[in-house]
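If you want the building blocks of each chain, they are given just below.
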Amino acid sequence: KKCLDKALATKSCCPVCNAIVGKLMGNQPEGRMKVSYNRQLKLTGYGSGAIVIDYVFKDGTQGPKHPNPGKPYKGTCRTAYLPYTAEGKKVLHLLEEAFEQKLTFTIGTSSTTGRSNTVVWNDIHHKTSTYGGPSMHGYPDPDYLKRVTEELAAKGIK
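Just so it is clear, the structure is predicted and the values come from calculations on it, not from any experiment.

Caption draft 1: Quick look at the overall build of the protein. Tallying secondary structure elements over the protein gives three helices and seven strands in all. With the C-alpha coordinates of the protein rotated into their principal frame, the extents come out at 55 × 35 × 25 Å. Among the 158 residues that make up the protein, the fraction classed as buried is 41%. Only carbon and sulfur atoms are counted for the fraction: they give 54% of the accessible area of the protein, which is about 9400 Å². Here the protein contributes 23 positively and 13 negatively charged side chains, and the mean placements of these two sets differ by 4 Å.

In C-alpha cells, the structure reads:
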C-alpha cells in the first residue's frame, strides 16, 4: 500500500498499466488562455469561421515542479486555430480543461530555437497556422480533431 501511494503521489497513473488515476496535473507555469471567434477566417477543409486561441506566458522564475527551480524562464505567446464547428467547439472545451490542469505547456528546450528554460508545448498538438497542411502545423488536416481528442484522452481529458 505504501509503495502504491508513493507511486501515485509521483505520477497520477497506475504503475502497472499507465491508466490515469484521478486528475492528472502538469507543471505548466502561470499563463493565460484567451478564446475568440473569427467568422470570416477560413480554415482549408472547413467552411467559414474559426476559433482563435491565444496563449500568453510572461517571463518568470521556475518553481519546485520545474526542471531548474529558482532559475528564470522565458515566456511565450502562441496562437492556435480550430474550426468553428460542433467538433471544433468540443475540442476547445477539452483544450480548456487541459490548460486548467496545467498540461498544455511546460518549461523545457525549444525545438525551434534551441533555447533552454523557455515555455514550450507539452505534447498536445495545436494548429498554429490556418494553411499549409500538417507539415506547417496548419489546415487542411482532416484527421487533426480526432488525433488531438485521442491525445487529450490519453491524459485523462474526455
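Caption draft 2: Molecular detail of the pairing of strand S6 (residues 105-108). Residue alternation in S6 divides its side chains into two sets, Phe105 and Ile107 and Thr106 and Gly108, and both sets are buried. Examined bridge by bridge, S6 and strand S7 (residues 118-121) share four bridges and lie antiparallel to one another. The residue bridging Thr106 from the neighbouring strand is Val120, located in S7.

Caption draft 3: Structural detail: the packing of helix H2 (residues 86-100) against helix H3 (residues 144-154). For the pair H2 and H3, the least separation of the axes is 10 Å and the interaxial angle reads 30°. Classified by the interaxial angle, the pair formed by H2 and H3 is roughly parallel. The crossing of H2 and H3 is left-handed. Between H2, through Glu87, Gly88, Val91, Leu94, Leu95 and Ala98, and H3, the contact on the second element is made entirely by Leu145, Lys146, Val148, Thr149 and Leu152. Its residues placed into classes, the contact of H2 with H3 shows seven nonpolar, two polar and two charged.

Caption draft 4: The sheet that holds strand S5 (residues 76-83), seen in detail. The strand order across the open sheet formed by three strands is S1-S2-S5, and the pairing between neighbours is antiparallel. Of all the strands in the sheet, the pair left with one neighbour each is strand S1 (32-42) and S5. On average, each strand axis in the sheet is tilted by 25° relative to the strand beside it, whichever way the strands run. As paired strands, strand S2 (residues 48-57) and S5 are joined by eight bridges and run antiparallel to one another. The residue bridging Asp54 from the neighbouring strand is Thr79, located in S5.

Caption draft 5: Region of the structure containing H2. Relative to the 21 Å expected for 15 residues at 1.5 Å per residue, H2 spans 21 Å between its end C-alpha atoms, a close match to the ideal helical length. Along H2, the positions that sit buried rather than exposed are Gly88, Val91, Leu92, Leu94, Leu95, Ala98 and Phe99. Immediately beyond the C-terminal end of H2, within one or two residues, lies Lys102, with a positive phi of roughly 60°.

Caption draft 6: Spotlight on unusual backbone geometry. The peptide bond linking Tyr139 to Pro140 adopts the cis configuration, its omega dihedral lying at 0°. Although it is not a glycine, Lys102 adopts a positive phi angle of roughly 60°. Positive phi outside glycine occurs at Asn117, with the angle close to 55°. Mapped onto the elements, Asn117 comes out in the loop between S6 and S7.

Caption draft 7: The arrangement of the packing of aromatic side chains in detail. Counted according to the given criterion, the structure contains nine aromatic pairs. With centroids separated by 5.8 Å and ring planes inclined at 90°, the aromatic side chains of Tyr55 and Trp121 adopt a geometry described as edge-to-face. Here Tyr55, found in strand S2, pairs with Trp121, found in strand S7; they are 66 residues apart in sequence, far enough to count as distant. For Tyr55, a relative accessible area of 0% gives the class buried. On the accessibility criterion, Trp121 (29% relative accessible area) is partly exposed. Members of the aromatic cluster, each reached through a chain of ring pairs, are Tyr55, Phe57, Phe99, Phe105 and Trp121. Over the aromatic face of Tyr84 sits the side chain of Lys89, whose NZ or CZ is 4.4 Å from the ring centroid.

Conventions adopted
Residues numbered from 1 in each chain as written. Predicted model: local features only at pLDDT ≥ 70, side-chain atom pairs only at ≥ 80, totals over all residues. Heavy atoms only, no water. Helix = DSSP H or I, 4+ residues; strand = E, 2+ residues; numbered from the N terminus. Buried < 20%, exposed > 50% of the residue type's maximum accessible area, 1.4 Å probe, protein only. Areas by Shrake-Rupley, 256 points an atom, 1.4 Å probe, with all protein chains shown as cover. Lys, Arg positive; Asp, Glu negative; His and termini not counted. Charge placed at Lys NZ, Arg CZ, Asp CG, Glu CD. Pairing = 2+ DSSP bridges. Axes fitted to C-alpha atoms, helices over the stretch in contact; angles between N-to-C directions. Parallel < 35°, antiparallel > 145°, perpendicular 65-115°, else oblique. Left-handed = near helix turned anticlockwise from the far one by under 90°. Contact = heavy atoms within 4.5 Å. Nonpolar A, V, L, I, M, F, W, Y, C, P; charged D, E, K, R; others polar. Expected span 1.5 Å × (residues − 1). Phe/Tyr/Trp six-rings, centres within 6.5 Å; stacked < 30°, edge-to-face > 60°. Lys NZ or Arg CZ within 6 Å of the ring centre and 35° of its normal.

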